[in-house]
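Read off the chains here:
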Amino acid sequence: PSLSTLPEDIRNMEPDIIIGSPTVVGLLESRCEEWLETIQVAVSYVNSARLVPDDASVFELPLEEIYFWKKRSVYLEPISNGANDRNGHVQWTIRVLGMLSSIQGEKLRESCAAIRRLAVEANWNMKYLSILEKPFNALAKGPLSSVYTSIPGMVKTLKMVASSSRFYNSVERIEKLLERITLALCTHA
């Protein structure tokens, strides 16, 4: 998804003039509604996505988790960048509507912050888990000897992920990943 832009003639107007024009303020609030809807659709899509697809093989369960975060990062990056660019149309509109204490402007500011948090989370999880892609590939496709040699490094990296990641720092979340890895290891062995 992408966020539409404002007409350039409005972007070139001084904020003091804009807040004195109910027509232009109405246009900004209307555009705010469009942006809010786009961001809300993106957030609901992201929140409904399954971490691991039902048709994934047991060997590929750990890899699927990496792919999940990569896809999420790629999906969220453009909309998050558009919503949070300091010099972009959305942030400019939020600043102008903030001068009026607009409810729409405040809702948009909160939505932009939410989409940014999701994008940052996806990006960091992708980076953390990408370190594990090589051992997870060995687990999915390699011979048993390569799996055995990758286990010590994988365990050290998982320990680092659990202590450093904001997402995988809870017992529940790291356990789910460890369950997938253990299942793949047991099946492979």
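Each chain carries its own residue numbering, running from 1 in the direction its sequence is written. Local features are withheld for residues below a pLDDT of 70 in this predicted model, meaning they are given only at 70 or higher, and side-chain atom pairs are given and counted only at 80 or more; totals for whole chains, interfaces and linings count all residues. Only hydrogens and water are set aside; all other atoms, that is, all heavy atoms of the structure, feed into the side-chain values.

Asker: Describe the overall build of the protein chain, with residues and values.
Answerer: In terms of regular secondary structure, the protein chain is built from nine helices and zero strands. In DSSP terms, a helix is any run of H or I states spanning at least four residues, a strand is any run of E spanning at least two, and both are numbered starting from the N terminus. For the protein chain, the N- to C-terminal ordering of α and β elements is α-α-α-α-α-α-α-α-α. In this treatment the radius of gyration is a C-alpha quantity, and the globule benchmark scales as 2.2 Å times the residue count to the 0.38 power. Taken over C-alpha atoms, the radius of gyration comes to 22 Å for the protein chain, far larger than the 16 Å a tight globule of 189 residues would show. Relative to its full complement of 189 residues, the protein chain shows a buried share of 41%. In the protein chain, the share of contacts with a sequence separation of at least 24, taken over all contacts with a separation of at least 6, comes to 76%. With residues, only the protein chains shown are counted as cover, and all accessible areas are computed by Shrake-Rupley using a 1.4 Å probe. Accessible surface, the protein chain as shown: approximately 10600 Å² in total, 55% of it carbon and sulfur. Burial classification: accessible surface area is computed with a 1.4 Å probe over protein chains only, and a residue below 20% of its type maximum counts as buried, one above 50% as exposed, and the rest as partly exposed. The criterion used for residue contact is that any of the two residues' heavy atoms lie within 4.5 Å.

Asker: So what's going on with unusual backbone geometry? Residues and values would help.
Answerer: The backbone phi angle of S101 is positive, close to 55 degrees, even though this residue is not glycine. Inspection of the secondary structure puts S101 in the loop between α5 (89–98) and α6 (103–130).

Asker: Describe the nonpolar core, with residues and values.
Answerer: By nonpolar core we mean a set of buried residues, namely Ala, Val, Leu, Ile, Met, Phe, Trp, Tyr and Cys, connected to one another through side-chain atoms within 4.5 Å. One finds I39 and L108 to be the most contacted residues of the largest nonpolar core, which totals 49 residues. Listing elements by their share of this core, those giving two or more residues are α3 (22–48), α4 (61–84), α5, α6, α7 (133–141), α8 (144–164) and α9 (171–188). A per-element tally of this core places α3 first, with 10 residues.

Asker: Report on the side chain of S150, specifying residues and quantitative values.
Answerer: Assignment of secondary structure puts S150 in helix α8. Residue S150 is classed as buried on the basis of its relative accessible area of 15%.

Asker: Go over the packing of α4 against α6, please, and point to the residues and values.
Answerer: Whenever a helix is involved, its axis is fitted only over the stretch in contact; in every case the axis is a line through C-alpha atoms, and angles between N-to-C directions fall within 0 to 180 degrees. At a minimum axis distance of 8 Å, the contact between α4 and α6 shows a crossing angle of 145 degrees. Of the two elements, α4 crosses α6, and the hand of that crossing is left-handed. Classification used: nonpolar for Ala, Val, Leu, Ile, Met, Phe, Trp, Tyr, Cys and Pro, charged for Asp, Glu, Lys and Arg, polar for all others including Gly. Within the contact of α4 with α6, the residues separate by chemical class into 13 nonpolar, six polar and five charged. Throughout, a crossing is termed right-handed when the near helix is turned clockwise from the far one, and left-handed when it is turned anticlockwise from it by less than a right angle.

Asker: Tell me about the packing of aromatic side chains, and name the residues and values.
Answerer: Geometry of aromatic contacts follows a simple scheme: Phe, Tyr and Trp rings, the Trp one being its six-membered ring, pair when their centres are within 6.5 Å, and the pair is stacked under 30 degrees between planes, edge-to-face over 60, tilted otherwise. Going through the model one piece at a time under the given rule, you end up with five aromatic pairs. Where F68 meets W69, the ring centres are 4.9 Å apart and the plane angle is 80 degrees; that geometry is what we call edge-to-face. Residue F68 is classed as buried on the basis of its relative accessible area of 10%. Considering the side-chain rings of W124 and Y128, the 5.9 Å spacing of their centres and the 40 degrees angle between planes classify their relative orientation as tilted. Taken together, the positions of W124 and Y128, both in helix α6 and four residues apart, correspond to about one turn of that helix. Since its relative accessible area comes to 46%, W124 is described here as partly exposed. A connected cluster of aromatic rings, assembled from ring pairs, spans F68, W69, F167 and Y168. Two conditions define a charge sitting above a ring: the NZ of Lys or the CZ of Arg must be within 6 Å of the ring centre, and it must be within 35 degrees of the ring normal. In this structure, K127 packs its charged tip against the face of W124, placed 5.1 Å from the ring centre.

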